[in-house]
Amino acid sequence: LPRGIVAHGWLLFDQEKMSKSVGNVVRPAGIQQVLGADALRYFLLREVSFGQDGNFSFAALVARYNSDLANGWGNLASRTLTMIGKYRAGVVPARRATGGARPPAGPIFEEFKKCFDDWQFSRALEAVWELITLTDRYLSGMKPWALAESSEAGASERLDDVLRDGYEVLRWSAVMLSSAMPESAAKLWAQLGLSGGPNLPFDKLDWDEIRPGQKIGVVEGLFPRRDKEKTVEELRKLEEAPAAAVVAQPEKIGIEDFAKVDLRVGEVLTAERIKGADKLLKLTVDIGTEVRQIVAGIAAAYDPATLPGRKVVIVANLAPRKLRGVESNGMIVAAAVGEAGTPQLVGVPADTPNGARLR
């Protein structure tokens, strides 16, 4: 038997426990589409102490994305690598040993490893961001842009050490964050001009082990800054949209899997808006053997007054779920049209019997 079981706590959505019966769940596909999967991974590990309950909200996610990822790690990577490209033609300078305080990467790395081994992922990430913050201050204090223009003796050598220090912090940060943010760490690793990936054993990480003449790769923004209000609205719209609208490239399935989906013809009897949900309509649909209540994310494209009497196609064997507190027993099939994914109902001839199965 195991000596212990490690488990996370409850994840709340706007201070309420997530529940399929209540319907206050969050699908990760929309977040991945807008901010990337690593942003969500980072938020959950950084914002929530492992083993304790934590709260999730779109506003908090975007705020953490901008403050820590865009303005923090992403900004440090962009400014450091851009200066190496500008002042040293993209070649990582050799260490000149000019002295002076450099970012305390060693002690912070030891604290990171200790926290990681103790399942304290939030504190481990906090240590990494302490290093990022201190390095950002270090660069601002050393003013490498001024050293590059200075004719003072030793200025060029000091510039080499400052750029080298910034590069090394980025390399170490990629290794430390490779498990929590694998996609972003790999992108940074490529921008550093390194091969093999950042998922290295911690005991193999040494300072100043870069080979002479190491060139950086193509510098691109890791985390473009996002407008908070617009991004939150975009995430909410994707959450209210039909699930199929946020799936970019579904994997291929066998005929056995397709046969499990029960597609039926139905006739809309009633349609009305759901209070507080701009995208959702509550429908009653006759599928031959019974009348179903279905919530559909089509309010932006269809006036509810025009829907009664219309033939639609529904997924009849979908497990019930609640959206905005309203139970939905099935899903209306619709196409996502254009870049905005505007829903367009799939129809059948008007004389098709209610309950007819699509094959």
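Everything here concerns the structure above.
Read on for an overview of the structure.

Cut-offs used in this document
- Residues numbered from 1 in each chain as written.
- Predicted model: local features only at pLDDT ≥ 70, side-chain atom pairs only at ≥ 80, totals over all residues.
- Heavy atoms only, no water.
- Helix = DSSP H or I, 4+ residues; strand = E, 2+ residues; numbered from the N terminus.
- Rg over C-alpha atoms; globule rule 2.2 N^0.38 Å.
- Buried < 20%, exposed > 50% of the residue type's maximum accessible area, 1.4 Å probe, protein only.
- Contact = heavy atoms within 4.5 Å.
- Areas by Shrake-Rupley, 256 points an atom, 1.4 Å probe, with all protein chains shown as cover.
- Lys, Arg positive; Asp, Glu negative; His and termini not counted.
- Charge placed at Lys NZ, Arg CZ, Asp CG, Glu CD.
- Phe/Tyr/Trp six-rings, centres within 6.5 Å; stacked < 30°, edge-to-face > 60°.
- Axes fitted to C-alpha atoms, helices over the stretch in contact; angles between N-to-C directions.
- Parallel < 35°, antiparallel > 145°, perpendicular 65-115°, else oblique.
- Nonpolar A, V, L, I, M, F, W, Y, C, P; charged D, E, K, R; others polar.
- Pairing = 2+ DSSP bridges.
- Salt bridge = Lys/Arg side-chain N within 4 Å of Asp/Glu carboxyl O.

Some details on the overall build of the chain
Part 1 of the argument: Each helix and strand counted, the chain has ten helices and twelve strands in total.
Part 2 of the argument: Over its C-alpha trace the chain gives a radius of gyration of 27 Å, far above what one expects of a compact globule, namely 21 Å for 359 residues.
Part 3 of the argument: Principal-axis analysis of the C-alpha atoms gives the chain an extent of 90 × 50 × 40 Å.
Part 4 of the argument: Relative to its 359 residues, the chain shows a buried fraction of 42%.
Part 5 of the argument: In the chain, the share of contacts with a sequence separation of at least 24, taken over all contacts with a separation of at least 6, comes to 70%.
Part 6 of the argument: About 19200 Å² of surface is accessible on the chain, with carbon and sulfur atoms providing 52% of the total.
Part 7 of the argument: Charged side chains in the chain number 46 positive and 45 negative. The centres of these two groups are separated by 1 Å.

Details of the packing of aromatic side chains
Part 1 of the argument: Following the criterion strictly, the structure yields 18 aromatic pairs and no others.
Part 2 of the argument: Taking the centre distance of 6.1 Å and the plane angle of 80° together, the rings of Trp119 and Phe121 count as edge-to-face.

Re the packing of helix 2 (residues 37–47) against helix 5 (residues 121–142)
Part 1 of the argument: The N-to-C vectors of helix 2 and helix 5 enclose an angle of 110°; their axes lie 7 Å apart at closest approach. The orientation of helix 2 relative to helix 5 falls into the category roughly perpendicular. Here Tyr42, Leu45 and Arg46 of helix 2 lie close against helix 5, whose contacting residues are Phe121, Ser122, Leu125, Glu126 and Trp129.
Part 2 of the argument: A per-class count over the contact of helix 2 with helix 5 returns five nonpolar, one polar and two charged.

As for the sheet that holds strand 2 (residues 16–17)
In a beta sheet, neighbouring strands are held together by backbone hydrogen bonds and run either parallel or antiparallel to one another.
Part 1 of the argument: As summarised here, the arrangement of the three strands in space is 2-1-3, forming an open sheet in which the pairing is mixed. Of all strands in the sheet, those bounded by a partner on one side alone are strand 2 and strand 3 (54–56).
Part 2 of the argument: As judged from the two bridges shared by strand 1 (residues 11–13) and strand 2, these two strands associate in the antiparallel manner. Paired with Leu12 across the strands is Lys17, a residue of strand 2.
Part 3 of the argument: Set on the sheet, helix 2 makes contact with strand 1 and strand 3; between it and strand 3 the angle comes to about 150°.

Topic: the sheet that holds strand 10 (residues 331–332)
Part 1 of the argument: The sheet built from five strands is open, its strands ordered 6-5-4-7-10 with antiparallel pairing. Strands with a single pairing partner mark the edges of an open sheet, and in this sheet they are strand 6 (291–296) and strand 10.
Part 2 of the argument: The pairing of strand 5 (residues 277–286) with strand 6 spans six bridges and is classified as antiparallel. Along strand 6, the bridge assignment pairs Val285 with Arg292.

Thoughts on the pattern of salt bridges
Part 1 of the argument: By the definition in use, this model includes 24 salt bridges.
Part 2 of the argument: Among the salt bridges present, the one from Arg79 reaches Asp136, with a minimum N-O distance of 2.5 Å. Of this pair, Arg79 sits in helix 3 (residues 58–87) while Asp136 sits in helix 5, and the two are 57 residues apart along the sequence.
Part 3 of the argument: Note that Glu110 is salt-bridged to Lys113, the shortest N-O span being 3.2 Å. Placement of both Glu110 and Lys113 in helix 4 (residues 105–117) is noted, with a separation of three residues, approximately one turn of the helix.
Part 4 of the argument: Sharing partners across several salt bridges, the network here consists of Arg95, Asp161, Arg164, Asp165 and Asp208.

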